[in-house]
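Take a look at the letters that make up each chain.
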Amino acid sequence: MVTRTGNQETVRELLDTHGRTYAAEAHIRLRDTPQPLYQTLVLACLLSARIRSDTAVATSRALTDSGLDSARRMADAGWQERVDALGRGGYRRYDERTATQLGEGAELLLDEYGGDLRRLRHAAGTDVDALRRLLREVPGLGPVGVDIFLREAQAVWPELAPYLDEKALQGAHRLGLPDHPEALARLAGDADPAVFASALVRVALEKKKTVSAGA
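Here goes a summary of the coordinates provided.

Quick notes on the rules
Residues numbered from 1 in each chain as written. Predicted model: local features only at pLDDT ≥ 70, side-chain atom pairs only at ≥ 80, totals over all residues. Heavy atoms only, no water. Helix = DSSP H or I, 4+ residues; strand = E, 2+ residues; numbered from the N terminus. Rg over C-alpha atoms; globule rule 2.2 N^0.38 Å. Buried < 20%, exposed > 50% of the residue type's maximum accessible area, 1.4 Å probe, protein only. Contact = heavy atoms within 4.5 Å. Areas by Shrake-Rupley, 256 points an atom, 1.4 Å probe, with all protein chains shown as cover. Lys, Arg positive; Asp, Glu negative; His and termini not counted. Charge placed at Lys NZ, Arg CZ, Asp CG, Glu CD. Patch = residues over 30% accessible without salt bridge, like charges linked within 9 Å, V, L, I, M, F, W, Y side chains within 5 Å. Salt bridge = Lys/Arg side-chain N within 4 Å of Asp/Glu carboxyl O. Axes fitted to C-alpha atoms, helices over the stretch in contact; angles between N-to-C directions. Parallel < 35°, antiparallel > 145°, perpendicular 65-115°, else oblique. Left-handed = near helix turned anticlockwise from the far one by under 90°. Nonpolar A, V, L, I, M, F, W, Y, C, P; charged D, E, K, R; others polar. Expected span 1.5 Å × (residues − 1). Core = buried A, V, L, I, M, F, W, Y, C linked by side-chain atoms within 4.5 Å.

## A look at the overall build of the chain
When helices and strands are tallied, the chain shows 13 helices and zero strands. Taken over the C-alpha trace, the chain has a radius of gyration of 17 Å; the compact-globule value for 215 residues is 17 Å, and the two agree within 12%. With the C-alpha coordinates of the chain rotated into their principal frame, the extents come out at 60 × 35 × 25 Å. Burial analysis of the chain (215 residues in total) assigns 51% to the buried set. Nonlocal contacts in the chain, meaning residues at least 24 apart in sequence, comprise 66% of its contacts between residues at least 6 apart. On the chain, roughly 10,400 Å² of surface is accessible, and the fraction owed to carbon and sulfur atoms is 47%. The centroid of the 29 positive side-chain charges in the chain is displaced by 5 Å from the centroid of its 31 negative side-chain charges.

Next up, the structure:
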């Protein structure tokens, strides 16, 4: 039988082994300001495709290195410029479609929210379901991409926490941890909720389990 103490030991090992967000891995210093929020949204779009997460992260960096780090700059860039930046990150399987979606998404954010995702958050109020619906309007951002963005954004939008989607709960199940967000949040204690969620997702995605379940 797994005890609470055993679960807490599992969580500590989990955070020691996998305790980093995908935004941090992509060198995004996430703050509640337009540019890093937009970069995180783009990262979520990239991660939601059927492609390796390290390729998506590398592509996020390539887009930033190419100066495509805000909705305005993404919209102003030519389609081929976006394709080339995606290719430099290794994102070749979906590069043409994604280049189009990134351009259309940037235009929508500029038209509706002045390129500032904080305005989208304000439009949703405190309703997480409304926030999901508004995010789904962004081209290329389906349900999986919305979950990825909100998992990361809970670091700076605390009303979302604990945001533990199906993929995070799969990781918890794999470790023998509770499958209820509130119970998991209690086990995580004062750990950054975005870091904790990302760690669980990494466990769900890995081929070989590298964290031992507590006994």
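That shown, we press on.
## Considerations on a negative patch on the surface
Taken together, the side chains of Glu-107, Asp-111, Glu-112 and Glu-137 present a region of like negative charge at the surface. By the secondary structure assignment, Glu-137 is in the loop between α9 (128–136) and α10 (143–153).

## Brief notes about the packing of helix α4 (residues 53–65) against helix α6 (residues 79–88)
Direction vectors running N to C along α4 and α6 enclose 135°, while the axes themselves pass 7 Å from each other. One finds that α4 runs oblique with respect to α6. Once α4 is placed against α6, the crossing between them reads as right-handed. On α6, the residues touching Thr-59, Ala-62 and Leu-63 of α4 are Ala-85, Leu-86 and Arg-88. Grouping the amino acids of the contact of α4 with α6 by side-chain chemistry returns four nonpolar, one polar and one charged.

## Some thoughts on helix α7 (residues 95–113)
In this model, α7 (19 residues) spans 26 Å end to end at C-alpha, consistent with the 27 Å of a helix rising 1.5 Å per residue. Listed as buried for α7 are Asp-95, Thr-98, Ala-99, Leu-102, Gly-103, Gly-105, Ala-106, Leu-108, Leu-109, Leu-110 and Tyr-113. Packing partners of the buried residues in α7 comprise α3 (34–47), α4, α5 (71–76), α6, α8 (117–124) and α9. Gly-114 sits one or two residues past α7 and shows a positive phi near 60°.

## Points about the pattern of salt bridges
The final tally for this structure, using the stated rule, is ten salt bridges. Measuring nitrogen to oxygen at the nearest pair gives 3.3 Å for the salt bridge that ties Asp-32 to Arg-121. On the criterion of sequence distance, the pair formed by Asp-32 in the loop between α2 (22–25) and α3 and Arg-121 in helix α8 is long-range, its members being 89 residues apart. Using a relative accessible area of 28% as the deciding quantity, one classes Asp-32 as partly exposed. Here the residues in one salt-bridge network are Arg-20, Glu-25 and Arg-202, joined through shared partners.

## Side note on unusual backbone geometry
Residue Pro-162 is bonded to the preceding Ala-161 through a cis peptide linkage, with omega at 0°. With respect to the helices, strands and loops of the structure, Pro-162 is situated in the loop between α10 and α11 (166–174). Despite not being glycine, His-27 has its phi angle at roughly 65°, a positive value. Checked against the element boundaries, His-27 lands in the loop between α2 and α3. Exposure remark for His-27: the relative accessible area of 60% places this residue in the exposed category.

## Some words on α6
Every buried residue belonging to α6 is among Arg-82, Val-83, Ala-85, Leu-86 and Gly-87, and all of these are buried. Contacts from the buried residues of α6 go to α3, α4, α5 and α7. One or two steps after α6, the chain reaches Gly-90, where phi turns positive at roughly 90°.

## What to know about the environment of Ser-60
Within the secondary structure layout, Ser-60 lies in helix α4. It is 16 Å that separates the C-alpha atoms of Ser-60 and Ala-153, two residues lying 93 residues apart in sequence. The residues contacting Ser-60, other than those within four sequence positions of it, are Ala-26, Ile-28, Leu-43 and Leu-46.

## With respect to the nonpolar core
For soluble globular proteins, the rule of thumb is that nonpolar side chains tend to be buried together. Core analysis: the biggest nonpolar cluster contains 69 residues, and Leu-63, Leu-117, Leu-135, Phe-149, Trp-157 and Leu-200 have the highest contact counts within it. For this core, the leading source of residues is α3, giving nine residues. Among all residues touching Leu-117, those that are not within four sequence positions of it are Leu-37, Tyr-38, Leu-41, Leu-109, Leu-135, Phe-149 and Trp-157.

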